[in-house]
Amino acid sequence: MQLIDLHMHSTCSDGTDEPEELVEKALEKDLVAMAVTDHDTVAGVARAIKASEGRPIEVIPGVEISCEQVIPATDETPSRKKEIHILGYNMDIENQDLLDALKFARDERDNRNRQMCDNFYNAGYTMITYENLINTFGNVTIARPHFARLLLEAGVVPSIKAAFADGTLLAENSPLYVHRKYLTPEQGIMAILGAGGKPVLAHPMIYKLSVTEIRDMVEELIGYGLQGIEALYSRNKGTDEAFVRKIAHEYGLFITGGTDYHGRNKPDLEIGWGEGNLRIPVMLLENLR
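Calculation criteria
Residues numbered from 1 in each chain as written. Predicted model: local features only at pLDDT ≥ 70, side-chain atom pairs only at ≥ 80, totals over all residues. Heavy atoms only, no water. Helix = DSSP H or I, 4+ residues; strand = E, 2+ residues; numbered from the N terminus. Rg over C-alpha atoms; globule rule 2.2 N^0.38 Å. Buried < 20%, exposed > 50% of the residue type's maximum accessible area, 1.4 Å probe, protein only. Contact = heavy atoms within 4.5 Å. Areas by Shrake-Rupley, 256 points an atom, 1.4 Å probe, with all protein chains shown as cover. Phe/Tyr/Trp six-rings, centres within 6.5 Å; stacked < 30°, edge-to-face > 60°. Lys NZ or Arg CZ within 6 Å of the ring centre and 35° of its normal. Axes fitted to C-alpha atoms, helices over the stretch in contact; angles between N-to-C directions. Parallel < 35°, antiparallel > 145°, perpendicular 65-115°, else oblique. Left-handed = near helix turned anticlockwise from the far one by under 90°. Nonpolar A, V, L, I, M, F, W, Y, C, P; charged D, E, K, R; others polar. Core = buried A, V, L, I, M, F, W, Y, C linked by side-chain atoms within 4.5 Å. Disulfide = S-S within 2.5 Å. Salt bridge = Lys/Arg side-chain N within 4 Å of Asp/Glu carboxyl O.

The next point concerns the overall build of the protein chain. Scanning the protein chain from terminus to terminus reveals nine helices and eight strands. For the protein chain, whose C-alpha radius of gyration is 18 Å, the value lies close to the compact-globule estimate of 19 Å for 289 residues. Principal-axis analysis of the C-alpha atoms gives the protein chain an extent of 55 × 50 × 40 Å. Taken over 289 residues, the protein chain has a buried fraction of 54%. Of all intrachain contacts in the protein chain linking residues separated by at least 6 positions in sequence, the fraction that spans at least 24 positions is 72%. Roughly 12,900 Å² of accessible area belongs to the protein chain as shown, and the carbon and sulfur atoms make up 50% of that amount.

Scanning the entire structure with this criterion turns up two aromatic pairs. Plain terms: the ring middles of Phe120 and Phe147 are 5.9 Å apart, the flat faces sit at 50 degrees to each other, and that makes the pair tilted. Separated by 27 residues along the polypeptide, Phe120 in helix H3 (residues 96–122) and Phe147 in helix H5 (residues 144–153) bring together distant segments of the chain. For the pair formed by Phe120 and Phe147, the shared burial category is buried. An aromatic cluster of at least three residues, connected via ring pairs, comprises Phe120, Tyr125 and Phe147. In this structure, Lys29 packs its charged tip against the face of Trp273, placed 4.3 Å from the ring centre. Residue placement shows Arg114 over the ring face of Tyr130; its charged tip is 3.8 Å from the ring centre.

Helix H9 (residues 240–251) packs onto helix H8 (residues 211–224) with a crossing angle of 40 degrees between their chain directions and a minimal axis gap of 11 Å. In terms of their interaxial angle, H8 and H9 are classed as oblique. Our pair here, H8 against H9, has a crossing hand that is right-handed. Residues Val211, Ile214, Arg215, Val218, Glu219 and Ile222 of H8 pack against Phe243, Lys246, Ile247, Glu250 and Tyr251 of H9. By residue class, the composition of the contact of H8 with H9 is seven nonpolar, no polar and four charged.

Right, let's talk about the nonpolar core for a bit. Leu201 and Ile229 are the most contacted members of the largest nonpolar core, which totals 50 residues. If one sorts the elements of this core by residue count, strand E3 (residues 58–71) sits on top with five residues. With residues near it in sequence (within four places) discarded, Leu201 still touches Ile84, His85, Ile86, Tyr207, Met217, Val218, Leu221, Leu226, Gly228, Ile229 and Glu230. Cys117, Phe147, Leu170 and Leu176 belong to the second-largest nonpolar core, a separate cluster that totals 22 residues.

Further remarks concern the state of the cysteines. Applying the stated criterion across every chain, the model contains zero disulfides. Not engaged in a disulfide, the cysteine Cys12 finds its nearest cysteine sulfur in Cys67; these two sulfurs lie 20 Å apart. Accessibility expressed as a relative area gives 10% for Cys12, which makes it buried. You can see Cys117 has no disulfide; the closest cysteine sulfur is in Cys12, sitting 20 Å from it.

Here the structure, examined in full by the defined rule, presents 18 salt bridges. In this structure, Asp268 engages Arg235 in a salt bridge whose closest nitrogen and oxygen atoms are separated by 2.6 Å. Here Arg235 lies in the loop between strand E6 (228–233) and H9 and Asp268 lies in the loop between strand E7 (254–258) and strand E8 (280–281), a separation of 33 residues in the sequence. Residue classification places Asp268 among the partly exposed residues on the basis of a relative accessible area of 41%. Arg235 sits in the partly exposed class, given a relative accessible area of 27%. The residue Arg245 makes a salt bridge to Glu241 at a minimum N-O spacing of 2.9 Å. Remark: Glu241 and Arg245 occur in helix H9; sequence separation between them is four residues, near one turn of the helix. Given the relative accessible area of 37%, Arg245 is considered partly exposed. Residue Glu241 is classed as partly exposed on the basis of its relative accessible area of 29%. Where salt bridges share partners, they join Arg235, Lys237, Asp268 and Glu275 into one cluster.

What follows is the structure, encoded as structure tokens:
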């Protein structure tokens with residue numbers, strides 16, 4: 001069976017492999033197609049496409065846009081805001097409206113990063129400065145895994161994963177964490193559609209929402225133009241995939257799949273194979289045509 005991987009990250013956001021290296025690793029796994037889906041940037045897409053030229057693999061233009069979804073109040077829970085991710089595929093990566101939306105997202109992330117650097121430095125973690133992040137990782141989309149890398153190298157945390165555990169330094173409930181401004185899901189989806197792409201809800205089961213909340217969110221996103229949902233995913237557990245497939249069928253969405261490979265930042269994941277027995281068949285590629 002021919003396999004693909006439609007969700008991976010390079011050094012242009014919070015992965016540890018260059019876009020060209022992603023292509024090489026995908027070829028080593030005999031994948032026939034892949035998508036570079038960096039957070040809020042398409043900077044690595046052209047590089048990956050160039051690296052694939054004349055070789056037996058197709059690189060699909062991709063992106064993963066961070067958005068903020070408002071979850072309405074219920075009898076059991078208050079209204080709250082949740083970060084969700086919208087994947088975009090096969091869009092024009094030179095479309096100016098798309099680039100403007102991604103620049104807004106990166107600028108807001110950068111503002112948050114500067115504030116968090118101040119918080120960490122003032123708390124005694126002097127290895128965390130904005131200048132050190134840029135000097136270490138270069139002109140990329142800096143995200144919390146980059147903070148974690150510096151903390152790991154300084155011996156402050158035992159692993160990248162440990163830095164994000166509930167109540168720890170990089171968790172959202174940490175006193176050092178800073179909330180940032182996001183695009184709305186409507187803005188993210190419209191940016192992808194405006195560039196001729198196909199918007200897909202990424203990894204719906206990791207948002208820790210109830211079944212009712214997931215259904216309500218999917219219905220709302222479909223109203224904005226959502227076309228697909230990521231059903232095959234590395235962190236799915238138990239019946240997660242079956243549930244997402246059922247949602248896709250009920251709402252007329254196509255399905256995609258990906259490992260969410262980040263290199264050393266998620267060392268238990270491999271391109272194309274993900275965690276456990278994850279395999280993404282090439283037939284899913286037709287959904288993006």
